[in-house]
Amino acid sequence: MSVASPTPFPAPLPTRRGCPFDPPDGYGELRRDRPISRLAFPDGKIGWLLTRYEDVRAVLEDVRFSSDRRHASSPVRAFPVRDGDPRIPGSLIGMDPPEHTRYRRLVTRWFTVRRMRGLAPRIERIVADHLDAMERTGPPVDLVEAFARPIPSLVICELLGVPYAERADFQRWTATLFRLDEPKESVYAARDALWDYMRSLVTVKRQLPDDALLSQLIHSEDPSAGLTNQELTGLGQLLLIAGHETTANMLALGTFALLCHPEQAHTLRTRPDLVDNAVEELLRYLTIVQFGVVRVAREDIEFAGVRILQGETVVASIAAANRDPERFADPDELDITRSAAHHIAFGHGVHQCLGQQLARMEMRAGYPALFQRFPSLRLAVPADQVPLRDDMFIYGVHRLPVTWQG
């Protein structure tokens, strides 16, 4: 497939959605006519936007592109890092090998398929407890507060050893970090507060260890570990944020999508054997990392017919890639019977989401249990009144009012 010449007029990243479940308008046209296009960043710099599946996948596995965000432009915010900020120790999401390799190796064994399957009974119990609470309270409820947010928050707190009673603080700080229109002073303050919180927790775990992940990393017998308090703080902060924010939004937005596609909800309710397909299809169809993944060219690179210069920022649109008709038949249709196994909602390459198996386990437990417990579940407000997270880095809904026949 040939690549059309990039537009000579760089444009900002598309962000306006015509449908709450589709990527922002314009991605389809770009993917068809200019799959590699010039992109104007809020900080005044010019880079590139990739919208085709094969290009997005290729750039995410290409070692010539760096994940170090200190040198990248943000596609939606003009202040990606604070002047003079060092690299956050332990925050492997913004690191390249070999640093990334070291940190990832230390924590990967905690997130294997086998270990996540071992957590399944506990996750199912947490799901059932929250459904019981919903039933006792009675309709209507906000599904975000009653179900979608507390389940992954409680799971990641137990896994890491973070007191769940303190969730209001770290959830508030995370929301501030992810809000696009937040003043930079508030973003910096929230980041510092979250850092101080996790650093204090690391200090406590050194003195009073438990069996959870954070203590295990501190007191590891692996001689290659040797993590400093700074590294433990950065790593713990990353796992805490990623462990509750993304899955919470998938549970809520996925439920919203199923309620707006009642035939799909009926299929999930009556065909529990399709739950794995349903989870993968919802991940593909919704792709909550709405503004793409950022990489920086380490050198001048010839890539898919264009020349990318050293230092230029490249935005790989996962949302556009997961709707590529060259890869998925009828990509704009939600079909939980399809096999969407090759989607890249969790990214690709060495930075593929570390906690993807945990997220899958939570969704596999959450969706079918919700729709089986409340077969008459429906929206309590018109669909166009559900507040969307257009203003956040991670897409979803701010609230999801639902009701059912008691």
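Look up a bit, the structure's there.
As the structure is a prediction and not an experimental result, all values here were calculated from the model. (Residues numbered from 1 in each chain as written. Predicted model: local features only at pLDDT ≥ 70, side-chain atom pairs only at ≥ 80, totals over all residues. Heavy atoms only, no water.)

Draft legend 1. The arrangement of the pattern of salt bridges in detail. One pass over the full model with this rule turns up 29 salt bridges. Asp 169 is the partner of Arg 172 in a salt bridge, and the nearest nitrogen-oxygen pair spans 3.1 Å. Residue Arg 172 and its partner Asp 169 are both found in helix H7 (residues 167–178); the two are separated by three residues, about one turn of the helix. Taking relative accessible area as the criterion, Arg 172 reaches 44% and is therefore assigned partly exposed. (Salt bridge = Lys/Arg side-chain N within 4 Å of Asp/Glu carboxyl O. Helix = DSSP H or I, 4+ residues; strand = E, 2+ residues; numbered from the N terminus. Buried < 20%, exposed > 50% of the residue type's maximum accessible area, 1.4 Å probe, protein only.)

Draft legend 2. Region of interest: unusual backbone geometry. Cis peptide bonds are those with omega within 30 degrees of zero, and the linkage from Pro 97 to Pro 98 qualifies with 10 degrees. A cis amide bond, omega -5 degrees, links Pro 139 with the succeeding residue Pro 140. As for its position among the elements, Pro 140 is in the loop between helix H4 (113–137) and strand E4 (141–142). Not every positive phi belongs to a glycine, and Thr 287 is a case in point at roughly 40 degrees. Thr 287 gets classed as buried once you look at its relative accessible area, which sits at 3%. Even without being a glycine, Asp 330 presents a positive backbone phi close to 45 degrees. As for its placement among the helices and strands, Asp 330 is situated in the loop between helix H13 (318–321) and helix H14 (356–373).

Draft legend 3. Layout of the nonpolar core. If you look at the biggest cluster of nonpolar residues, it comprises 93 residues, and the most contacted ones within it are Phe 111, Met 134, Val 162, Tyr 367, Leu 370 and Leu 400. Ranked by residues supplied to this core, first place goes to helix H10 (residues 229–260) with 14 residues. In this structure Leu 400 touches Val 141, Asp 142, Leu 143, Val 144, Ala 252, Thr 255, Phe 256, Leu 379 and Val 386, once residues within four positions along its chain are discounted. (Core = buried A, V, L, I, M, F, W, Y, C linked by side-chain atoms within 4.5 Å. Contact = heavy atoms within 4.5 Å.)

Draft legend 4. How the structure looks around the side chain of Ser 91. Topologically, Ser 91 is positioned in the loop between strand E3 (65–66) and helix H3 (99–108). Contact partners of Ser 91, with chain neighbours within four places excluded, come to Gly 234, Leu 235 and Leu 238.

Draft legend 5. View of the sheet that holds strand E10 (residues 401–403). Sheet architecture is open: three strands sit in the order E4-E10-E9, paired in antiparallel fashion. Whereas interior strands pair on both sides, the edge strands pair on one side only; in this sheet they are E4 and strand E9 (378–379). Sheet topology places E9 next to E10; two bridges connect them, and they run antiparallel. When the bridges of E10 are listed, Leu 379 appears paired with Val 402. (Pairing = 2+ DSSP bridges.)

Draft legend 6. Quick look at the packing of aromatic side chains. One pass over the full model with this rule turns up six aromatic pairs. An angle of 65 degrees between the planes, with centres 4.9 Å apart, marks the rings of Phe 21 and Phe 256 as edge-to-face. In this pair, Phe 21 sits in the segment before helix H1 (27–33) while Phe 256 sits in helix H10, placing the two residues 235 residues apart along the sequence. Seen in terms of ring centroids, Phe 374 and Trp 404 are 4.3 Å apart; in terms of plane orientation they differ by 40 degrees. Their pairing is tilted. Taken together, the residues span a long stretch of sequence, with Phe 374 in the loop between H14 and E9 and Trp 404 in the segment after E10 at a distance of 30 residues. For the residue pair Phe 374 and Trp 404, the accessibility class agrees, reading buried in each case. Positioned over the ring face of Trp 48 is Arg 38, at 4.2 Å from the centre of the ring. Looking at Arg 327, its charged tip hangs above the ring of Tyr 53, at a distance of 5.6 Å from the centre. (Phe/Tyr/Trp six-rings, centres within 6.5 Å; stacked < 30°, edge-to-face > 60°. Lys NZ or Arg CZ within 6 Å of the ring centre and 35° of its normal.)

Draft legend 7. Broad picture of the packing of H10 against helix H11 (residues 262–270). Two elements in contact, H10 and H11, have axes whose closest approach is 5 Å; the angle formed by their N-to-C orientations is 110 degrees. On the basis of the axis angle, H10 is roughly perpendicular to H11. On H11, the residues touching Leu 258, Leu 259 and Cys 260 of H10 are Pro 262, Gln 264, Ala 265 and Leu 268. By residue class, the composition of the contact of H10 with H11 is six nonpolar, one polar and no charged. (Axes fitted to C-alpha atoms, helices over the stretch in contact; angles between N-to-C directions. Parallel < 35°, antiparallel > 145°, perpendicular 65-115°, else oblique. Nonpolar A, V, L, I, M, F, W, Y, C, P; charged D, E, K, R; others polar.)

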